[in-house]
Amino acid sequence: MPRYLATPAYAHGAPHRSGVLLVNLGTPDAPTTAAVRRYLRQFLSDPRVVEVPRALWWLILNGYILRTRPAKSAAAYKKIWTDRGSPLLLHCQDIAAGVAEKLAGSLSQSVPVELAMSYGEPSIASALKRLHEQHVRRIVVLPLYPQYSNTTTGSVFADVSTLLSGRRWVPELRFINHYHDATGYITALADSIRDYRAREGAGRHLLFSFHGLPQRMLLDGDPYHCQCQKTARLVASALELDDSEWTVGFQSRVGREPWLQPYTDELLRRWGKDGYGDIDVVCPGFSADCLETLEEISLQNAELYAAAGGGQLRYIPALNARDDHIAFLSELLLNTMGGWPEASSADAATLANDHEKSRTRARAMGAKT
Ligand SMILES: C=CC1=C(C)c2cc3[nH]c(cc4nc(cc5[nH]c(cc1n2)c(C)c5CCC(=O)O)C(CCC(=O)O)=C4C)c(C)c3C=C
Ligand SMILES: [Fe+2]
Ligand SMILES: [Fe+2]
């Protein structure tokens with residue numbers, strides 16, 4: 001007999017609230033080799049992230065990657081660590097708080113907003129549990145990835161549905177797939193670039209650098225590559241840039257097989273040699289600043305560019321908790337919740353009353369409730 005997570009009796013009588021689950025990738029809980037190893041073990045064991053036959057991958061992961069990479073990555077995390085911990089976590093916490101406040105201002109009843117990470121803490125399981133405890137029976141899941149990829153958004157979907165399918169009474173679920181071409185997102189990005197350039201002056205060229213993926217995934221039908229291209233094209237058009245003024249590149253390559261191209265570091269080396277001078281880099285695949293933007297782009301690639309003969313590499317921050325980002329995400333969530341009734345307190349009282357009556361009837365018939 002399968003066992004399913006029981007719904008506590010009080011939930012039958014409680015209002016059916018709507019709630020929000022925001023999800024991002026995850027990050028180690030300390031910039032130490034041990035913590036990074038724990039995090040990488042969980043992350044790189046996800047079959048959607050690494051599509052290599054399991055037995056072979058187990059050998060590579062345990063025999064090589066988890067022996068060498070954690071110390072190197074921990075050193076990189078140390079350079080960007082803050083008083084509040086990992087930048088990715090703190091920016092996502094600020095986004096979640098901003099969205100909760102915005103939604104509370106737009107609705108007559110507060111909507112619980114929980115933040116979760118696919119790998120590390122706070123886990124998706126713990127966030128779903130907190131929503132459950134707040135009587136949430138309608139959930140909107142928003143993975144904080146503007147562009148869909150099986151490795152990120154697909155993995156969130158798999159985890160959420162596996163966890164919820166273990167329940168006796170599954171909640172209603174709406175799952176946001178991507179927002180790579182949403183007007184509010186494109187406008188916020190374009191404005192953030194305009195603001196930066198108004199403050200600091202414009203570099204000679206604008207590089208849109210996205211996290212890479214194995215090229216094989218594109219050939220197998222992952223829409224990520226096309227969605228990155230479209231985001232960049234729409235932002236360039238909003239900024240009225242000429243085609244000669246911007247380029248798309250892919251960063252953060254892991255392993256030896258070909259990843260999406262052109263590679264950001266190769267573009268930078270070439271531009272350095274060609275005397276491009278000062279350039280601006282923006283990373284619109286990251287909703288929040290993290291290791292890949294603050295260390296890889298802002299430190300490592302800036303050095304690489306200068307060493308190749310380039311000028312300054314000026315990194316334009318992610319949208320993080322900017323007002324226009326919070327406003328856009330909140331509107332996306334409200335639109336997705338459209339049609340879900342906000343249970344009023346009168347509804348709740350009726351439900352509780354009906355529930356009590358059916359329990360009494362069931363007891364009289366000798367059934368357990
Ligand atoms: C090995 C394969 C990887 C794939 C495929 C991949 C896809 C992918 N990742 C992000 C977003 C982030 N990745 C981050 C870190 C990171 N990514 C990989 C590997 C793959 N990513 C590794 C090994 C790491 C860890 C750091 C390191 O050791 O270099 C992060 C930052 C996390 C942080 O703590 O700050 C993000 C965010 C996307 C969007 C994506 C596919 C589209
Ligand atoms: Fe990654
Ligand atoms: Fe494409």
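Residues numbered from 1 in each chain as written. Chains lettered and ligands numbered in written order. Predicted model: local features only at pLDDT ≥ 70, side-chain atom pairs only at ≥ 80, totals over all residues.

The protein chain is annotated in an unreviewed UniProt entry as Ferrochelatase from Woeseia oceani. Entered under Sequence similarities (unreviewed entry) in the UniProt record, the comment concerning the protein chain runs "Belongs to the ferrochelatase family." (UniProt positions renumbered as here; feature names shortened; annotations may be inferred.)

Draft legend 1. Examining the packing of helix H5 (residues 124–133) against helix H6 (residues 150–164) more closely. Running from N to C, H5 and H6 point in directions that differ by 50°, and their axes come no closer than 10 Å. As summarised for this structure, H5 and H6 are arranged oblique, according to the angle between their axes. Seen along the crossing, H5 lies across H6 with a hand that is right-handed. Note on element contacts: H6 touches H5 through Asp159, Val160, Leu163 and Leu164, opposite Ile124, Ala125 and Leu128. Per-class residue counts for the contact of H5 with H6 are six nonpolar, no polar and one charged. (Axes fitted to C-alpha atoms, helices over the stretch in contact; angles between N-to-C directions. Helix = DSSP H or I, 4+ residues; strand = E, 2+ residues; numbered from the N terminus. Parallel < 35°, antiparallel > 145°, perpendicular 65-115°, else oblique. Left-handed = near helix turned anticlockwise from the far one by under 90°. Contact = placed C-beta atoms within 7 Å. Nonpolar A, V, L, I, M, F, W, Y, C, P; charged D, E, K, R; others polar.)

Draft legend 2. Spatial organisation of the UniProt feature "binding site: Fe(2+)" (unreviewed entry) in the protein chain. The sites that UniProt annotates as "binding site: Fe(2+)" (unreviewed entry) are His211 and Glu292. Spanning 82 residues, the named residues form one tight spatial group whose C-alpha atoms are at most 8.0 Å apart. Looking at the element boundaries, His211 is found in strand S5 (residues 206–211). Within the secondary structure, Glu292 sits in helix H11 (residues 291–307). Apart from the residues within four sequence positions on either side, Glu292 is in contact with His211, Gln251, Ser252 and Phe286.

Draft legend 3. How the structure looks around the packing of helix H10 (residues 264–273) against H11. It is at 8 Å that the axes of H10 and H11 come closest, and there the two elements cross at 30°. One element, H10, and the other, H11, form an angle in the roughly parallel class. As H10 packs across H11, the resulting crossing turns out to be right-handed. Contacts between H10 and H11 involve Thr264, Asp265, Leu268, Arg269 and Gly272 from the former and Asn301, Leu304 and Tyr305 from the latter. Grouping the constituent residues of the contact of H10 with H11 by class yields three nonpolar, three polar and two charged.

Draft legend 4. Quick look at the sheet that holds strand S2 (residues 113–119). Reading across from one edge, S2-S1-S3-S4 is the order of the four strands in this open sheet, with parallel pairing throughout. Pairing within the sheet leaves two strands with one partner each, and these edge strands are S2 and strand S4 (172–175). The average undirected angle you get between the axes of adjacent strands in this sheet is 25°. Relative to S4, strand S3 (residues 136–143) runs parallel, the two sharing four bridges. Looking at the pairing, Arg138 lines up with Glu172 of S4. Set on the sheet, helix H12 (residues 323–337) makes contact with strand S1 (17–26), S3 and S4; between it and S3 the angle comes to about 135°. (Pairing = 2+ DSSP bridges.)

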